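Here is what each chain is made of, one letter per residue.
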Amino acid sequence: MLTTLKGLVLRERSVGENDKFLDILTDSAGMIEVSAKGVKKQNSKNASVSQSFCYATFCVSDSHGRYILNSAEPIRTFFELSRDLERFSLANYFAEATMYVATEEKPNNEVLRLILNSLHFLSAKNRELLLLKAIFELRLMSEIGLVPNLIGCCECMKYTAPRMQFDLKGGRLFCEDCFGARDLHDVELLDDRLLHYIRFIALTDMQRLFNLSVSKDYLQQLSAITERYLELQLDRHFQTLDFFKTVNGYNYE
Ligand SMILES: [Zn+2]
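Everything numeric in this text was worked out from a predicted model, so none of it was measured.

Student: How would you summarise the environment of Val214 if you had to cite specific residues and measurements?
Tutor: Of note, Val214 is situated in the loop between helix H6 (206-209) and helix H7 (216-234). For the pair Val214 and Lys20, spaced 194 residues apart in sequence, the C-alpha separation works out to 41 Å. Setting aside anything within four residues of it in sequence, one finds Val214 in contact with Leu131, Tyr197, Leu219 and Leu222.

Encoded structure:
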């Protein structure tokens, strides 16, 4: 049976001399693995679409959940990212984290939109890398149901306070009065600005998400908080992130 789906190639793996497996995040089937035969041959019509960061309409034959590539029509490619190691390493981190949370059973179009938008702004070079990283990390958690409770202090419901404690593991806020002498390890102190940025990323419409502008003095701190939040929520550390940090040269500690 032939099926048509739109999807973004997140990873390509070589098989033998001529073939590849593609991990594709699709609009209607979630994450799928597609066998792409002969695409490493130079004259293959599917050679260019069978690469990481190609967004395309794929026509695949589906036999009992095993997908074989038939043909594809590119919609948008992000191959230019590979010419810039720093951007490319961040894109690979986005891809690894997305593959980790995406499942075959449940298509999640908001996750697909998030990574497509992130790659778009990464290619356009008009957003700070650490801003894109922070948006991607926190928003990814929101889209898969791990959104923190940001309405206010989880005990007295105070919406704003000069300083709030963000409990990263519990995904909740405490004002300083209510936080008291709690012995929580994974907390970050948020001032008004940081709280605003975090609320915006977690809760605003996808269309406005990338309009967020963050003052330069806050970028590293914001990026460190969203990174810790993702790692604690997923209980997972990604090697592609280490590589990005090596290239990026910033020490977050
Ligand atoms: Zn309170």
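Anyway, onward from the coordinates.
Student: Can you tell me about the coordination of the zinc ion, naming the residues and giving the values?
Tutor: Looking at the zinc ion, one finds its protein donor set to be Cys153 (SG), Cys156 (SG), Cys175 (SG) and Cys178 (SG), positioned 2.3 Å from the metal centre. Taken together, the four donor atoms coordinating the zinc ion and their angles of 102 to 116° define a geometry best described as tetrahedral. For the zinc ion, the donor residues sit on a single chain with the sequence spacing C-x2-C-x18-C-x2-C. Placement of Cys156 in the loop between strand S6 (149-153) and strand S7 (163-167) and of Cys178 in helix H4 (residues 176-179) is noted, with a sequence separation of 22 residues between them. For Cys156, a relative accessible area of 37% puts it in the partly exposed group.

Student: Break down the sheet that holds strand S9 (residues 187-191) for me, citing the residues and quoting the values.
Tutor: On the basis of which strands lie adjacent, the open sheet formed by four strands has the order S6-S8-S7-S9 and mixed pairing. At either margin of the open sheet sits one strand with a lone partner, and together these are S6 and S9. Going from strand to strand, the sheet's axes swing by 25° on average, the running direction of each strand aside. As paired elements, S6 and strand S8 (residues 172-175) share two bridges and run parallel to each other. Bridge pairing in S8 places Cys153 opposite Leu173. Relative to the sheet, H7 contacts S7 and S9, its axis offset from that of S9 by approximately 145°.

Student: Lay out the sheet that holds strand S2 (residues 19-26) in plain terms, naming residues and giving numbers.
Tutor: If you walk around this closed barrel you meet the five strands as S1-S2-S3-S5-S4, and the pairing is mixed. Within this sheet the neighbouring strands show an average axis-to-axis angle of 50°, counted without direction. Both strand S3 (residues 31-36) and strand S5 (residues 66-77) contribute to a ladder of two bridges, which runs parallel. Opposite Val34, over in S5, you have Tyr67 as the bridge partner. The strands that helix H1 (residues 85-101) touches are strand S1 (2-15), S2 and S3; relative to S1, the one it contacts most, it runs at about 120°. In this fold helix H2 (residues 109-124) packs onto S1, S2, strand S4 (54-63) and S5, with an angle of close to 60° to the strand it touches most, S1.

Student: Outline the pattern of salt bridges, listing residues and values.
Tutor: The final tally for this structure, using the stated rule, is 17 salt bridges. For Arg13, the salt bridge goes to Glu33, with nearest N and O atoms at 2.8 Å. With Arg13 in strand S1 and Glu33 in strand S3, this pair connects stretches of sequence that are 20 residues apart. The exposure class assigned to Arg13 is partly exposed, which follows from its relative accessible area of 30%. By relative accessible area, Glu33 is classed as partly exposed at 37%. Two residues, Arg76 and Glu80, come together in a salt bridge whose shortest N-O distance is 3.9 Å. Residue Glu80 is classed as partly exposed on the basis of its relative accessible area of 29%. One salt-bridge network, held together by shared partners, links Arg11, Arg13, Asp23 and Glu33.

Rules used throughout
- Throughout this description, residue numbers start from 1 for each chain and increase along the sequence as written.
- pLDDT decides what is reported in this predicted model: residues at 70 or higher carry local features, side-chain atom pairs at 80 or more are listed and counted, and totals for whole chains, interfaces and linings draw on all residues regardless.
- The basis for every side-chain value is the complete set of non-hydrogen atoms in the structure, without hydrogens or water.
- Put simply, DSSP H or I for four residues or longer makes a helix, DSSP E for two residues or longer makes a strand, and each gets a number counted from the N terminus.
- Contact definition: two residues touch when any of their heavy atoms are within 4.5 Å.
- For Na, K and Ca the donor cut-off is 3.2 Å, and for all other metals it is 2.8 Å, counting N, O and S atoms only; because water is absent from this set, sites may look incomplete.
- Under this scheme a four-donor centre is tetrahedral when all angles range from 85 to 135 degrees, a four-donor centre is square planar and a six-donor centre octahedral when opposite donors are above 155 degrees with the rest from 65 to 115, and any other centre is irregular.
- When accessible area is computed with a 1.4 Å probe and restricted to protein chains, residues below 20% of their type maximum are described as buried, those above 50% as exposed, and intermediate ones as partly exposed.
- Whether two strands pair depends on DSSP finding at least two bridges between them.
- Each axis is a line fitted through C-alpha atoms, taken for helices only over the stretch in contact, and angles between the N-to-C directions span 0 to 180 degrees.
- By definition, a salt bridge exists where a carboxyl oxygen of Asp or Glu is found within 4 Å of a side-chain nitrogen of Lys or Arg.

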